[in-house]
Amino acid sequence: RARAGASGRARGARDARRCASVALREDLCVLPGDPSVIVRTNVKMGEKKMPFMLAASRATAEALSKPESYVAVCAMDGLDIIFGGSDAPCALCSVVSIGAINLANNKALSAELCELLGEFGIDGKRIYITFDDYARENLGYDGATFAG
């Protein structure tokens, strides 16, 4: 019994420290989170790369109902990628967000990204997009996490 009491006190102290540290970054707990889009393609995007990234940023913010000020987009082009045993134009995309990952939003963003990538000659049938919904504590930002 004494051991259980000591363990309970230690747990209480640990929880108090955690709460104190969360209070320091309470601002992060109310932020909308980080929608991030990473596009990898074997196509060289050239001068159209930045306009693509800006359009993808706007589309992500709109589809996920998040402020664009939190959207991050990375486009890696000219990579060695094969899809279905062929090196014809293709893309692999990843979308990460805290919440807002659901069927309706995913379909809307998938349609937008496929349309944007279509401008580079990439057929929608040669694009995979993964959608990941991260818990707030599993996404870091500004030296903390979105959980505080």
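Predicted, not measured: the structure shown is a model, and the values here were computed from it.

Break down the packing of aromatic side chains for me, citing the residues and quoting the values.
Remark: the centre distance and the inter-plane angle together describe each pair of aromatic rings, the angle taken between the planes. A complete count under the given rule lists four aromatic pairs for this structure. Their ring planes at 85° and their centres at 5.8 Å tell us that Phe-52 and Phe-120 sit as a pair that is edge-to-face. In this pair, Phe-52 is assigned in helix α3 (residues 49-64) and Phe-120 in the loop between α4 (103-118) and β4 (127-133), connecting sequence segments 68 residues apart. Just as Phe-52 is buried, Phe-120 falls in that class too. Ring geometry for Tyr-70 and Tyr-141: centres 6.2 Å apart, planes at 55°, overall tilted. Taken together, the residues span a long stretch of sequence, with Tyr-70 in the loop between α3 and β2 (72-76) and Tyr-141 in strand β5 (residues 140-141) at a distance of 71 residues. Overall, the relative accessible area of 36% leaves Tyr-141 in the partly exposed class. One aromatic cluster in this structure is built from Tyr-70, Tyr-141 and Phe-146. One Lys or Arg, Lys-48, reaches over the ring of Phe-120 and ends 5.8 Å from the middle of that ring.

Describe in detail α3, supporting the description with residues and values.
Here α3 spans 22 Å end to end across 16 residues, near enough to the 22 Å set by a 1.5 Å rise per residue. Within α3 the residues assigned to the buried category are Phe-52, Met-53, Ala-55, Ala-56, Ser-57, Ala-59, Thr-60, Ala-61, Ala-63 and Leu-64. Contacts from the buried residues of α3 go to β1 (36-41), β2, β3 (91-97) and α4. Looking one or two places after α3, you find Ser-65, whose phi comes out positive at around 55°.

I'd like to hear about the confidence of the model for the protein chain, residue by residue, with values.
Looking at the protein chain, pLDDT values average 86 and 81% of them are 70 or higher. When the criterion is pLDDT under 50, residues 1-24 qualifies, and its contacts beyond four places in sequence or with other chains add up to two contacts.

How would you summarise the nonpolar core if you had to cite specific residues and measurements?
One finds Phe-52, Val-95, Leu-117 and Ile-127 to be the most contacted residues of the largest nonpolar core, which totals 28 residues. Elements that contribute at least two residues to this core include exactly β1, α3, β2, β3, α4 and β4. Those residues in contact with Val-95, other than ones at most four positions away along the chain, are Ser-36, Val-37, Leu-64, Ile-101, Leu-109, Leu-113, Ile-129, Thr-130, Phe-131 and Asp-132.

Calculation notes
Residues numbered from 1 in each chain as written. Predicted model: local features only at pLDDT ≥ 70, side-chain atom pairs only at ≥ 80, totals over all residues. Heavy atoms only, no water. Phe/Tyr/Trp six-rings, centres within 6.5 Å; stacked < 30°, edge-to-face > 60°. Helix = DSSP H or I, 4+ residues; strand = E, 2+ residues; numbered from the N terminus. Buried < 20%, exposed > 50% of the residue type's maximum accessible area, 1.4 Å probe, protein only. Lys NZ or Arg CZ within 6 Å of the ring centre and 35° of its normal. Expected span 1.5 Å × (residues − 1). Contact = heavy atoms within 4.5 Å. pLDDT = per-residue confidence, 0-100. Core = buried A, V, L, I, M, F, W, Y, C linked by side-chain atoms within 4.5 Å.

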